[in-house]
Amino acid sequence: MKKETHPDYHEITVIMTDGEQFKTRSTWGKPGDTLRLDIDPKSHPAWTGVHRLLDSGGQLAKFKGRFKDLGI
């Protein structure tokens, strides 16, 4: 197997939205990094059945600004 063709596979810590954390192996980040999730199965509407709007990137604010005159 060629060594240059495969990404580095190392251990990271994942922290869920409720603070629960676990260790897993991933190609994300550097060895020992921490990945904090914004959405996980405990908070995603597909699993919880509760629909709420998250505006993490400003898309919702843009939409509301663009269509504010329509009463949306």
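Before reading on, note that the structure itself is shown above.
Here is a short report on the structure shown in this document. All residue numbers here refer to positions counted from 1 along the written sequence of the relevant chain. Reporting of local features is limited, given that this is a predicted model, to residues whose pLDDT is at least 70; pairs of side-chain atoms are given and counted only at 80 or more, and all residues count toward the totals for whole chains, interfaces and linings. To get the side-chain values, take all heavy atoms of the structure and skip hydrogens and water.

Each helix corresponds to a stretch of at least 4 residues labelled H or I by DSSP, and each strand to a stretch of at least 2 residues labelled E; elements are numbered beginning at the N terminus. Position of glutamate 11 among the secondary structure elements: in strand E1 (residues 10-15). Excluding anything up to four places from it in sequence, glutamate 11 contacts Lys23, Thr24, Arg25, Pro31 and Gly32. Should any heavy atoms of two residues lie within 4.5 Å, those residues are counted as being in contact.

Summary of the burial criterion: residues with accessible area below 20% of their type's maximum are buried, those above 50% are exposed, and those between are partly exposed, where the area comes from a 1.4 Å probe applied to protein chains only. Extensive coverage of E1 is indicated by the burial of five of its six residues. We treat two strands as partners when DSSP finds at least two bridges between them. Two strands pair when backbone bridges link them, and E1 and strand E2 (residues 21-26) are joined in this way by six bridges, in the antiparallel orientation. Of the residues in E2, the one forming a bridge with isoleucine 15 is glutamine 21. Counted between consecutive antiparallel strands, the loop separating E1 from E2 contains five residues, among which glycine 19 sits at a positive phi close to 95°. Bridge analysis of E1 against strand E3 (residues 34-36) gives three bridges, and the strand direction is parallel.

Turning our eyes to something else, we now look at the packing of aromatic side chains. Two aromatic rings, taken as a pair, are described by how far apart their centres are and by the angle between their planes. Ring pairs are drawn from Phe, Tyr and Trp, using the six-membered ring of Trp, whenever the two centres fall within 6.5 Å, and their geometry is named by plane angle: stacked under 30 degrees, edge-to-face over 60, tilted for the rest. Applying the stated rule across the entire model yields one aromatic pair. Ring centres 4.9 Å apart and planes at 50° place the aromatic pair phenylalanine 63 and phenylalanine 67 in the tilted group. Owing to a relative accessible area of 39%, phenylalanine 63 belongs among the partly exposed residues under this scheme.

Pairing between sheet strands relies on hydrogen bonds along the backbone, with the strands arranged either parallel or antiparallel. Sheet architecture is open: three strands sit in the order E2-E1-E3, paired in mixed fashion. Every interior strand has two partners, whereas the edge strands, E2 and E3, have only one. Averaged over all adjacent pairs, the angle separating strand axes in this sheet is 35°, with direction ignored. Orientation is described by axes fitted as lines to C-alpha atoms, over the contacting stretch for helices, and by angles from 0 to 180 degrees between their N-to-C directions.

The working definition used for a salt bridge is a side-chain nitrogen of Lys or Arg within 4 Å of a carboxyl oxygen of Asp or Glu. Inspection of the entire model under this criterion finds two salt bridges. Across the pair lysine 42 and aspartate 18 runs a salt bridge whose closest N-O atoms are separated by 3.0 Å. Of this pair, lysine 42 sits in the loop between E3 and helix H1 (45-48) while aspartate 18 sits in the loop between E1 and E2, placing them 24 residues apart in sequence. Close ionic contact of glutamate 20 with lysine 42 constitutes a salt bridge, the shortest N to O distance being 2.4 Å.

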